Amino acid sequence: MISTIYIEREVAESARYEARLQQLLARYPDAEQISCERYGEVFNRKAQNFRLQKLRPSLIVARKHKGLVLPSPPEYRIGEGQGYYFSHLFNCLYDCRYCFLQGMYRSAHYVWFINYDEFADQIRQRAEQGPSWFFSGYDCDSLALDPVTGFADFALDLFAGLPPHAHLELRTKSTQIRPLLARAPQQNVVTAFSFTPQSVSQSLEDKVPAIDKRLAAMVRLQQAGWPVGLRFDPLIYTQDYHEQYRTLFATLFESPDHPLDAAALHSVSLGPFRLPKGYFETMRNLYPEERLFAGPLKQRQGMVSYPPELEQQMIEEVEALLLDYIPLASYFPCRVPEGA
């Protein structure tokens with residue numbers, strides 16, 4: 001999967017990262033290894049083509065120096081307390097056409113920040129301040145590249161030693177749940193699975209596991225005692241979106257083979273499709289033939305989204321369908337600030 005690995009000189013020369021780095025290199029013994037001073041000299045080069053690099057991304061191993069743990073947006077909440085996000089990885093194994101990362105980054109290469117100990121120090125400091133939520137799936141999928149990064153074991157060990165009021169969300173479209181099933185469940189770690197309707201997933205979510213496989217992974221975690229959540233974000237418009245989401249919810253909650261226990265869900269959220277104008281233009285230039293970007297979209301307040309009336313209609317209709325299955329107490333809609 002990975003044929004080229006860039007390694008920051010500081011990482012290569014530090015005994016602190018030696019064990020984790022050697023595990024990576026043993027996994028890819030035939031990969032070309034290239035030294036660099038800082039990851040940005042590779043990742044932030046001008047005249048890169050995200051679309052072409054996505055076909056065969058390289059891996060950059062780096063140390064993150066600043067911005068390790070940041071405040072999350074106010075609307076990004078699924079419980080009480082302060083919200084934070086952190087990114088051990090830039091970019092994603094999957095190729096979802098609506099993903100904002102394509103508009104934010106010049107490069108499709110993966111950047112793996114190997115200095116987990118420094119992430120842990122900052123998370124502990126913030127957890128000591130009171131109830132808190134930490135979101136790990138903002139710039140990547142939390143679990144998709146876990147066989148490479150070993151992130152899940154690090155995160156589970158860390159949060160096992162934190163106060164119970166410190167919570168972690170692992171947001172994913174992956175079925176890489178072995179690290180969780182290998183240990184006792186932790187009630188302060190929620191694995192949140194993202195879904196779109198079948199037709200949307202097939203057309204816009206390249207490499208993402210099928211809905212039934214993700215559903216089976218969720219059920220296995222539920223049965224093992226792990227808290228799990230559902231994320232329907234972003235809502236994607238199609239002419240028959242109402243029926244598409246009705247079918248999706250029926251699949252998730254009425255499956256004869258893998259029915260979710262709706263009452264046991266930790267949290268469920270949904271949110272509208274929105275992209276910063278600059279990101280949208282970059283993505284449209286990358287994929288000019290993509291029908292998603294030619295849909296009923298409108299620019300407002302520097303964002304590109306569906307027209308307000310359509311957006312509100314979608315939220316209300318899909319929300320009504322969803323609340324037929326789940327208790328209101330577990331529902332956390334992504335509220336967009338007024339005027340945005």
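A short tour of the structure in this document, coming up. Just so it is clear, the structure is predicted and the values come from calculations on it, not from any experiment.

Reading the values: rules and limits
- Residues numbered from 1 in each chain as written.
- Predicted model: local features only at pLDDT ≥ 70, side-chain atom pairs only at ≥ 80, totals over all residues.
- Heavy atoms only, no water.
- Core = buried A, V, L, I, M, F, W, Y, C linked by side-chain atoms within 4.5 Å.
- Buried < 20%, exposed > 50% of the residue type's maximum accessible area, 1.4 Å probe, protein only.
- Helix = DSSP H or I, 4+ residues; strand = E, 2+ residues; numbered from the N terminus.
- Contact = heavy atoms within 4.5 Å.
- Pairing = 2+ DSSP bridges.
- 1 Å grid on protein atoms, 1.4 Å probe; cavity = no way out; pocket = protein on both sides within 12 Å on 5 of 7 lines; lining within 4 Å.
- Points joined across faces, edges and corners; volume = space filled by probe spheres on them.
- Nonpolar A, V, L, I, M, F, W, Y, C, P; charged D, E, K, R; others polar.
- Axes fitted to C-alpha atoms, helices over the stretch in contact; angles between N-to-C directions.

What follows covers the nonpolar core. Ranked by internal contacts, the top residues of the largest apolar core, which has 110 residues, are Phe134, Leu230, Phe232 and Phe253. In terms of residue count, helix α8 (residues 151–160) provides more of this core than any other element does, seven residues in total. Phenylalanine 134 has contacts with Val69, Tyr84, Phe86, Ile123, Arg126, Ala127, Phe159, Ala166, His167, Leu168 and Glu169, leaving out every residue within four places of it along the chain. Membership of the second largest hydrophobic core comes to six residues, among which are Tyr76, Ile78, Phe135 and Val190.

Moving on, we get to the pairing of strand β8 (residues 110–113). Burial of β8 is two-sided: the residues Tyr110 and Trp112 facing one way and the residues Val111 and Phe113 facing the other way are all buried. The sheet contact formed by strand β3 (residues 59–62) and β8 spans four bridges and is parallel. Within the sheet, the bridge partner assigned to leucine 59 lies in β8 and is tyrosine 110. For strand β6 (residues 89–90) and β8, the ladder comprises two bridges, and the chain directions are antiparallel. Note that in β8 the partner of leucine 89 across the bridge is tryptophan 112.

A separate point is empty space enclosed by the protein. Evaluation of the coordinates by the stated rule reveals two cavities of 30 Å³ or more. There is about 50 Å³ of room inside the largest cavity. If you go around the largest cavity, the residues you meet are Glu75, Tyr76, Arg77, Ile78, Phe135, Arg171, Arg231, Ser269, Phe332 and Cys334. Counted by class, the lining of the largest cavity contains five nonpolar, one polar and four charged residues. Taken as a whole, the second largest cavity encloses approximately 30 Å³ of empty space. If you go around the second largest cavity, the residues you meet are Leu235, Pro272, Phe273, Tyr306, Glu311, Met314 and Ile315. For the lining of the second largest cavity, the class distribution of residues is six nonpolar, no polar and one charged.

So, about the sheet that holds strand β9 (residues 132–135). Through backbone hydrogen bonds, the strands of a sheet pair up, either in parallel or in antiparallel fashion. Sheet architecture is open: seven strands sit in the order β4-β5-β9-β10-β11-β13-β14, paired in mixed fashion. The strands lining the two open edges of the sheet, one partner per strand, are β4 (69–71) and β14 (267–270). On average, each strand axis in the sheet is inclined to that of its neighbour by 25°, with strand direction left out of account. In the sheet, β9 pairs with strand β10 (residues 166–172) via four bridges, with the strands oriented parallel. Bridge pairing links serine 132 to alanine 166 in β10.

None of the figures reported here should be taken as evidence of function without further support.
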